[in-house]
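The primary structure of each chain is shown beneath.
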Amino acid sequence: MSSNPQIPNPHLQSSSSQSLNFGSKGLRHGSDSEGFSMSRRDLNDDDARLVYVNDPLTTNETFEFSGNSIRTGKYSVITFLPRNLFEQFHRVAYMYFLIIAILNQLPQLAVFGRGASILPLASVLFVTAVKDAYEDWRRHKSDKIENNRMASVLVDHRFQHKKWKDIQVGEVVKVSANETIPCDIVLLSTSDPTGVAYVQTINLDGESNLKTRYAKQETLSRVPEKDFINGLIRSEKPNRNIYGFQANMEIDGKRVSLGPSNIILRGCVIKNTDWTVGVVVYAGRETKAMLNNSGAPSKRSRLETHMNQEIMLLSFFLVTLCVIVSACAGVWLRRHQDELDIMQFYRRKDYSEGQVENYNYYGLGMEIFFSFLMSVIVFQIMIPISLYISMELVRVGQAYFMIRDDKMFDAASNTRFQCRALNINEDLGQIKYVFSDKTGTLTENKMEFQFASISGVDYSGEKTEFYGEQGGYSIQVNGEIWRPKIKVQVDPKLLKLSKTRDDSISSKEIYDFFLALAACNTIVPIVVNASNPNEKLVDYQGESPDEQALVYAAAAYGFMLIERTSGHIVIDIQGERQRFNVLGMHEFDSDRKRMSVILGYPDSTVKVFVKGADTSMFKIIDESLNVDVVRATEAHLHSYSSIGLRTLVVGMRALSVSEFDTWQTSYEIASTALMGRAGLLRKVAINLENNLNLLGASAIEDRLQKGVPEAIESLRKANIKVWVLTGDKQETAISIGYSSKLLTSKMSQIIINNNSKMSCKKSLEDALITSRNVINVTHASEDDASSVALIIDGTSLVYILDSELEEQLFELASKCAVVLCCRVAPLQKAGIVALIKKRTDDMSLAIGDGANDVSMIQMADVGVGISGQEGRQAVMASDFAMGQFRFLVPLLLVHGHWNYQRMAYMILYNFYRNALFVLVLFWYVLYTGFTLTTAITEWSSVLYSIIYTAIPTIVIGILDKDLGRKSLMTYPQLYGSGQRKESYNAKLFWVTMVDTLWQSVVAFFIPVLAYWKSDIDGSSLGDLWTLAVVFMVNIHLAMDVIRWTWISHASVWGSIIATCICVIIIDALPMLPGYWAIFNLAGSGLFWICLLGVLIASMIPRFVVKMFMQHCKPCDLQIAREAEKFRNSMEITRSGEIEMNLPHR
Amino acid sequence: MDASTRTRSNSNKPKYSRFTQQELPAWKPILTPKWVITSFVIIAILFTPTGLLCLWASEHVVEIIDRYDDDCLPDSYSTNPDLYIQSRSTNKTCVRTLKVPRKMTAPIFIYYQLDNFYQNHRRYVKSRSDKQLRDPDEADETEDCKPQDHLSGNDDEPIVPCGLVAWSLFNDTYKFFKGNKAIDIDKKNIAWESDKKYKFGSNVYPKNFQKGGLIGGGELDDTKPLSEQEDLIVWMKTAALPSFRKLYGKINTNLEANETITVVIQNNYNTYEFGGEKKVALSTANWIGGKNDFLGISFLATGGVCFFVAVSFILLYVLKPRPLGDPTHLSWNRNQAAQ
């Protein structure tokens, strides 16, 4: 019955998703990874690492364990040059440059001089190397600081200071409060007599709450200085799972098992514990923190994929040009075959030596071949390799603006937007599907206790203010007032009942219910100072927000948890302190979907308390006891979840002595087992958790995040399909759907809830018919608000995904405006994303906050992580990370749109820019006997893409805005231009190429015809072409710039000026043949008239077409742009603007 | 106060600036119909007169061109021109008469024009040594000049100036007569001043030039430094296109209309080998350079096209107006209206 999906796609288990299990993650129903049990691999001696406690010599004798010094820097001074070059040449672009440069070094092919041919490669290499060196220097600096931090290490029975880098595996380390852990250590003892240590793992996973770690009973009483601990730890090999650890320790002949709660990882900080002592098991680069230090996943953007197709076309053009040139060269040589020997401008024969030989002539075939290679060298920039480098720079610039956008700053969590993947910025402008998690993504994941149903009685009455005037429940401890940190609204009726202590059944059940809430969890109370010196606040720290909410609720009703150690808990019950022994705990796992605690009462009775998801709990409730209560509770649960509350069911059972003994033996065997411990423990738990008394159910509200309904509305207007994938119950999901405006009352809902493949098939077929009918009706009634919503649950998906029904589901889903998937497991989430990704070309985006969303985030084209309450797993796997769901709107509609427009234009422009230059060179080659002479000096050829035209395209690619933020947010429909690929497609490419051809013809032939049969020399004409082409490409760009800031002005006109200066400098060097050409040229009127004619004539067709299209077929962007300028914000505000953030200024 | 500064320093909130929020003041030009029409009209108004001006200027240039390579070949050699041109003993003198069509005012430029001569051929362009031309100490810099680098392959005898460009120096000579009176040809200052000053050394003298087995063209006076060998300097400024002219000299007297001029040509230069053509050209000059109608015509054409486009756009805007920024034209509004 429980949803155990097949892994839909094997590569989901990629390396970065290994650390998926949240063993102690509390009550995320059905949301835990199935990888839980798999990652607990059994420990053989073969692949174990042996650590001799306090004996680093023996430990490191047999095995080469890594020391604790870390090196994140890639290079040293000596290795920098070779390694950096090696890495750089891994890129295709650089290889292309290199091959061209090498070809040019062959004397037969030396088109350019040595210097000129190496300059492009050298400049790119140099820029990259400087960037790498700077980054590496910073890494080295931080490494040095890290490595030289001090720690106290046990040497010769005394703790002595030692640098971090000198710590070895096997050594015993002492860490004091608020110090950082230098390496992964297994706890031996702590200042706490029960061996508890509190750690903050914010550096590791971003979670700020304290976590508890325990020292083992067997070691915690030893004083390491005096008492020589002699033990052997067998641990698993270093891995990157920060939530898992498996080992055992042999001490005094006993075998003790060690788990994730016994290890503290490098980077954690000790809190609320005076000192801890532990033994190093992993050091340096083998620590889990360092192993997790890998970069963001690399994806390739859709635009870039399309671009690569066009680059293939350009390569084809290049080859065509080269073939034409070499073929013509062959024909020319053949026709002049007999004249070549003494022809003044060829002189094939060398007469200077005694015997007459051919000079630099290798036969017709070879000459044609050389012509081909030479033309490849001359026309090399036809393939805009520098575009890849420009794109990287532009993306860095775009990321800079996204990160610094104060509209995407989350004040609550104090987080900025994060760009983790740098190469898919422009994909954000083309999204068609958004797959969203619910908890923590649409909602805040800040749980608030709302209602309770206790033994069939619903307490969902009117809420009152906080517990009278005092402001919440409080207790007296040593003359101080302790009160819970967070106040909870209470139901006065229930409060009164909970205070009365009589022997009535209802009062007893209420007592047990709240005791269960206070005890059955992993929450640790931390007492902190309040502003009032007589007051202390009890802060409940724990990993599950649901549990925190329940414990706070219990405290508000007078059941205040005030102490928890590994062995006991202390609960203040209505002013009376009671101590319970915690005899055992079965933590939450995703198979059972519940957890249990075995409590020993002061009167030595033993009870087991279980809480969990309703589906898993009702199976183990003893229904024979009280059917009515169960029915009533079920009804209450239904009503709770239908208003969007998260529900939990609590049960309890008293254990007889014999039952307890059986359990205890098997529990001990299981928890010290070396093989398959997790499985054994689960079996023990399942045996124990049955025939429970139903105590009641709780309802917790998870509030919707601010701005979610408006954001979803905007996304929908932008023609983005929003799918919600959640582990929650169907009712909860639907109610959240309504409150977030995902579902509207006008929509017709199709619900698929099936238990077998056949029934799935049938309901899918029915649903398809229904949807067609609804859509037909919709078309007739012209009302786009009414449409179809599909609600499907995880169980049905088990049968549908990876079967032939997938196709039908896709067909159905693509007809629906909204899709809600409930009760889905993490891998099913990925399966659903894959369902869309496989079948359409549309871009998908997945957004989520928890570890259960990791697989989905990695599967989607764009993954967005919410850096919220649930740790950083999602963020680590994501391409972009942000604080709130509503930031998705500015991210997609504003930044995504801009990024796409900018990048698309930049690619087309770069194609044009390079092709224009190549074509001008090509036309000239036709007038030189096909010998690849260039009138344009080699230096100008080289500088063309480095200086003359490089800066403006990058600046415009970063800064130009086709529309303001306000218009884009007001008319989300404008986002459609990216979805329809309006700014970059095959048609635009061809139009651009035709325009390029025309412009090159004008640029070449006007000067040629104007100077035909004149005494113009090559260099002068070359200068004219250089200037004409550079002016043209810059004016072309200027015609397309939409917003002229001073930076755009400076870059466009500045590069024209820079070009003039460069040409002047080149012509002022007497060793070059074109000495003084530009000055003589500029003295003649013909030059200026030519230049003017070229510029105007080349731009006219483009301008006419652009203006014509603008008037007759204006695109939405054009109209919005005009509206922005000519209509004041009248209409813009009319359609109701979404205020995404409170006004700041 | 203290608390607020503390929270601000802890905050990650991006600092506001118009730059980081992409709100820099910007000029957002939109080409309205008014602008479009105005710009086309302005181009038309600018280009039409300029075109006329160019045509007029070109019309005022008086040009006399005479192709002489075929006609100067004695009939006896017509099947074997190579023999004629390569022989030292044949009579190369050739007399041509030209008629002045219109009055030519001084200065009149004398050009020789070569057609089908690829002075921009890769092999040829590279075959020179600019270092050697500038500096007498760099006479050995003949790496690029092969096979015209050393005399008879002897490394101690570098050719100055080396390379094919210098070797192929044009060596036809012209003498002009009005009746029996010779017209003075001014051969000073026909090369660029900058070349004479910096590119060709005043202390570099020709050496071993045209002393090898194969003579490519003209010879140089060994006693004159390169900076004074203006014919060489002009020749070595390699032409951009395979049909080119080079300045031979200037005539500083006017030639009247219908005057007859006799040109005595020493027909030395071998273009018969590769089917080239030789012409002598006399031309006056003004700001547009030589006679060339192309620019004028193309400017007129451009102006005309712009005028036509302007008119079309006016019609378009009148017949099919579209209010700017009208939201009803937005695609999603249009779709709704259409249904």
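Not measured: the values here are computed from a predicted model.

A separate point is the overall build of chain A. Per the secondary structure count, chain A includes 38 helices and 37 strands. Evaluated residue by residue, chain A yields a buried proportion of 61% over its 1145 residues. Sequence-distant contacts in chain A: of pairs separated by 6 or more residues, those separated by 24 or more amount to 75%. When the accessible surface of chain A is totalled, it reaches about 43,800 Å², and 57% of it is carbon and sulfur.

Attention now moves to the state of the cysteines. Residue and element names in this part refer to chain B. Applying the stated criterion to the full structure yields 2 disulfides over all chains. The partner cysteine of Cys 72 in its disulfide is Cys 94, sulfur to sulfur 2.0 Å. Its torsion about the S-S bond being -70°, the disulfide of Cys 72 and Cys 94 is classed as left-handed. Here Cys 94 lies in strand E2 (residues 93-99) and Cys 72 lies in the loop between strand E1 (63-67) and helix H3 (81-86), a separation of 22 residues in the sequence. For the residue pair Cys 72 and Cys 94, the accessibility class agrees, reading buried in each case. A sulfur-sulfur separation of 1.9 Å characterises the disulfide bridge that pairs Cys 145 with Cys 162. Placement of the pair is Cys 145 in the loop between helix H5 (130-134) and helix H6 (163-167) and Cys 162 in the loop between H5 and H6, with a sequence separation of 17 residues. Take Cys 162: its relative accessible area is 1%, and that puts it in the buried class.

As a further point, take the nonpolar core. If you look at the biggest cluster of nonpolar residues, it comprises 135 residues, and the most contacted ones within it are Phe379(A), Ile907(A), Phe911(A), Tyr984(A), Tyr1011(A), Trp1025(A) and Phe313(B). Residue contributions to this core peak at 20 residues, all from helix H27 (residues 888-925) of chain A. Ignoring any residue separated from it by four or fewer positions in sequence, one finds Phe313(B) in contact with Val1104(A), Met1107(A), Phe1108(A), Val36(B), Ile37(B) and Phe40(B). If you look at the next biggest cluster of nonpolar residues, it comprises 67 residues, including Trp332(A), Leu114(B), Leu226(B) and Ile233(B).

In this section: the interface of chain B and chain A. You'll often see interface size given as the accessible area lost when the parts meet. On the chain A side, the residues contacting the 100 residues of chain B number 108 residues. Summed over both sides, the interface between chain B and chain A buries roughly 9,300 Å², with carbon and sulfur atoms accounting for 61% of that surface. In this structure, the connection of chain B to chain A is made through 1 salt bridge. Here Arg322(B) and Glu1122(A) are joined by a salt bridge, their closest N and O atoms 2.9 Å apart. On inspection of chain B and its partner chain A, the count reaches 35 residue pairs in polar contact (both at pLDDT 80 or more). Considering every element that reaches the side of chain B that touches chain A, the biggest residue donor is helix H9 (residues 294-319) of chain B, with 9 residues.

What follows covers the packing of helix H33 (residues 1018-1040) of chain A against helix H36 (residues 1085-1112) of chain A. Residues and elements named next belong to chain A. Relative orientation of the contacting elements H33 and H36 amounts to 30°, with a least axis distance of 10 Å. The orientation of H33 with respect to H36, classified from their angle, is roughly parallel. Two packed elements cross with a definite hand, and for H33 against H36 that hand is right-handed. Across the interface between the two elements, Leu 1024, Leu 1027, Ala 1028, Phe 1031, Met 1032, Ile 1035, His 1036, Met 1039 and Asp 1040 of H33 pack against Phe 1087, Cys 1090, Leu 1091, Val 1094, Leu 1095, Ser 1098, Met 1099, Arg 1102, Phe 1103 and Lys 1106 of H36. Partitioning the contact of H33 with H36 into residue classes produces 14 nonpolar, 2 polar and 3 charged.

Attention now goes to the domain arrangement of chain B. All names here are of chain B. The domain boundaries assigned to chain B delineate domain 1 (29-61 + 288-321) and domain 2 (63-284). The distance between the C-alpha centroids of domain 1 and domain 2 comes to 42 Å. In this complex, domain 1 contributes 5 residues to the contact, which on the side of domain 2 involves 4 residues. In total, domain 1 and domain 2 occlude about 360 Å² of area from one another, counting both sides; carbon and sulfur atoms represent 33% of this. Per-residue buried area on domain 1 facing domain 2 is highest for Glu 59, Val 61 and Lys 291; these three make up 80% of the total on that side.

All names here are of chain A. Ordered in space as E20-E21-E23-E22, the 4 strands form an open sheet in which the pairing is mixed. Edge positions in the sheet fall to strand E20 (475-477) and strand E22 (524-529), since each has one partner strand and no second. Direction aside, the axes of adjacent strands within the sheet are offset by 35° on average. Where strand E21 (residues 480-484) meets strand E23 (residues 535-541), 4 bridges bridge the pair, whose relative direction is parallel. For Pro 484, the partnering residue across the bridge sits in E23 and is Val 538.

Turning next to helix H12 (residues 492-499) of chain A. All names here are of chain A. Of all the residues in H12, the buried ones are Leu 494, Leu 495 and Ser 498. Looking straight down H12, one finds its buried side chains confined to an arc of 105°; they lie on one side. Of the surrounding secondary structure, the elements contacted by the buried residues of H12 are strand E18 (443-454), strand E19 (457-459), helix H13 (505-519) and helix H14 (545-556).

This next bit is on unusual backbone geometry. The amide bond that connects Ala106(B) to the next residue, Pro107(B), takes the cis arrangement and shows omega of -5°. On the secondary structure map, Pro107(B) appears in the loop between E2 and strand E3 (108-115). Cis geometry is adopted by the peptide bond preceding Pro147(B), which originates at Lys146(B) and carries an omega value of 5°. Relative to the elements of secondary structure, Pro147(B) occurs in the loop between H5 and H6. Even without being a glycine, Asn178(A) presents a positive backbone phi close to 60°. Looking at the element boundaries, Asn178(A) is found in the loop between strand E4 (172-176) and strand E5 (184-190). Even without a glycine there, the phi angle at Lys1013(A) is positive, about 55°. Mapped onto the elements, Lys1013(A) comes out in the loop between helix H32 (986-1010) and H33. Overall, Lys1013(A) belongs to the partly exposed group, its relative accessible area being 29%.

Moving on, we get to the environment of Lys254(A). All names here are of chain A. Relative to the helices and strands, Lys 254 is located in strand E10 (residues 254-258). What makes Lys 254 partly exposed here is its relative accessible area of 46%. Distance from Lys 254 to Thr 726, taken between C-alpha atoms, is 46 Å for residues 472 residues apart in sequence. Setting aside residues up to four positions removed in sequence, Lys 254 forms contacts with Glu 218 and Met 249.

A few words on helix H5 (residues 114-147) of chain A. Residue and element names in this part refer to chain A. Here H5 spans 46 Å end to end across 34 residues, near enough to the 50 Å set by a 1.5 Å rise per residue. Residue Pro 120 marks the point of greatest curvature in H5, where the axis turns by about 35°. All of the buried residues in H5 are Ala 116, Ser 117, Pro 120, Leu 121, Val 124, Leu 125, Thr 128, Ala 129, Asp 132, Asp 136, Asp 143 and Asn 147. For H5, the secondary structure elements touched by its buried residues are helix H3 (80-88), helix H4 (92-105), strand E3 (158-163), helix H11 (385-403) and helix H28 (938-948).

A grouping of Asp140(B), Glu141(B), Glu143(B), Asp144(B), Asp155(B), Asp156(B) and Glu157(B) is seen on the molecular surface, where their side chains present a negatively charged patch. As for its placement among the helices and strands, Glu141(B) is situated in the loop between H5 and H6.

Attention shifts here to a nonpolar patch on the surface. Residue and element names in this part refer to chain B. A cluster of nonpolar residues, Phe 307, Val 311, Ile 314, Leu 315, Val 318 and Leu 319, forms a patch on the protein surface that exposes about 600 Å² of accessible area. Tracing the backbone shows Phe 307 in helix H9. Taking relative accessible area as the criterion, Phe 307 reaches 52% and is therefore assigned exposed.

Attention shifts here to the sheet that holds strand E33 (residues 788-793) of chain A. Residue and element names in this part refer to chain A. Spatially, 9 strands are ordered E16-E37-E36-E35-E17-E31-E34-E33-E32 in an open sheet, and the strand pairing comes out mixed. In this open sheet, the two edge strands, each paired with only one partner strand, are strand E16 (418-419) and strand E32 (748-752). As judged from the 4 bridges shared by strand E35 (residues 843-848) and strand E36 (residues 862-866), these two strands associate in the parallel manner. Within E36, the residue paired with Ile 847 across the bridge is Val 864.

This part covers the environment of Tyr77(B). Within the fold, Tyr77(B) resides in the loop between E1 and H3. Taking the C-alpha atoms as reference points, Tyr77(B) and Ala139(B), 62 residues apart in sequence, are found 40 Å from one another.

So, on to the confidence of the model for chain B. All names here are of chain B. Residues of chain B with pLDDT of at least 70 account for 96%, and the chain-wide mean is 88. Predicted confidence is poor over residues 1-9, with pLDDT under 50, and the contacts of this stretch with residues over four places away or in other chains come to 0 contacts. Among the scores for the predicted complex, ipTM is 0.95 and pTM is 0.83.

Bringing the pattern of salt bridges into the picture now. Counted according to the given criterion, the structure contains 59 salt bridges over all chains. For Asp766(A), the salt bridge identified is with Lys762(A), shortest N-O distance 3.3 Å. Separated by 4 residues within a single helix, Asp766(A) and Lys762(A) lie in helix H21 (residues 757-781), roughly one turn from each other. For Asp766(A), a relative accessible area of 38% corresponds to the partly exposed category. One network of salt bridges, with partners in common, ties together Arg67(B), Asp69(B), Asp70(B), Asp115(B), Glu277(B) and Lys279(B).

Calculation rules
- Think of each chain on its own: its residues are numbered from 1, step by step along the sequence as written.
- Lettering for chains starts from A, numbering for ligands starts from 1, and both go in the order in which the items are written.
- Owing to the predicted nature of the model, reporting of local features is limited to residues with pLDDT of at least 70; listing and counting of side-chain atom pairs is limited to 80 or more, with chain, interface and lining totals taken over all residues.
- Side-chain figures throughout are based on the complete set of non-hydrogen atoms in the structure, without hydrogens or water.
- A run of H or I in DSSP becomes a helix once it reaches four residues, and a run of E becomes a strand once it reaches two; helices and strands are each numbered from the N terminus.
- Only protein chains enter the accessibility calculation, which uses a 1.4 Å probe. A residue is then buried if its area is under 20% of the maximum for its type, exposed if over 50%, and partly exposed in between.
- Every residue pair with non-hydrogen atoms within 4.5 Å of one another is taken to be in contact.
- To be clear on the numbers: accessible area is Shrake-Rupley with a 1.4 Å probe, and residue cover counts the displayed protein chains and nothing else.
- Two cysteine sulfur atoms form a disulfide, by the criterion used here, when they sit within 2.5 Å.
- Residue types Ala, Val, Leu, Ile, Met, Phe, Trp, Tyr and Cys, when buried and joined through side-chain atoms within 4.5 Å, form a set referred to as a nonpolar core.
- Buried area: the accessible surface (1.4 Å probe) lost by two parts on joining, summed over both.
- When a carboxyl oxygen of Asp or Glu lies within 4 Å of a side-chain nitrogen of Lys or Arg, that pair is called a salt bridge.
- Here a polar contact means two N or O atoms within 3.5 Å. Within protein one must be a hydrogen donor candidate and the other an acceptor candidate, and residues neighboring in sequence count only if both atoms are side-chain atoms.
- Between N-to-C directions, angles cover 0 to 180 degrees, with each direction set by a line fitted to C-alpha atoms, over the stretch in contact for helices.
- The cut-offs work like this: below 35 degrees is roughly parallel, past 145 is roughly antiparallel, 65 to 115 is roughly perpendicular, and the gaps in between are oblique.
- Should the near helix be turned anticlockwise from the far one by less than a right angle, the crossing is termed left-handed; should it be turned clockwise, right-handed.
- All amino acids are sorted into three groups, where Ala, Val, Leu, Ile, Met, Phe, Trp, Tyr, Cys and Pro are nonpolar, Asp, Glu, Lys and Arg are charged, and the leftover types, Gly among them, are polar.
- An automatic or database domain assignment provides the domain bounds reported here.
- For two strands to be treated as a pair, DSSP must find at least two bridges joining them.
- The reported arc concerns the directions from the helix axis to the C-beta atoms and nothing else.
- Working rule for helices: expected span equals 1.5 Å times residues minus one.
- Take the seven residues that end at a residue and the seven that start at it, fit an axis to each, and the angle between those axes is the bend at that residue.
- Nonpolar side chains (Val, Leu, Ile, Met, Phe, Trp, Tyr) are joined into patches within 5 Å and like charges within 9 Å, using only residues with over 30% relative accessible area and no salt bridge.
- Asp and Glu are treated as the negative residues and Lys and Arg as the positive ones, with His and the ends of the chain left uncounted.
- Working definition for charges: the position is that of NZ of Lys, CZ of Arg, CG of Asp or CD of Glu.
- A score from 0 to 100, pLDDT tells how confident the predictor is in each residue.

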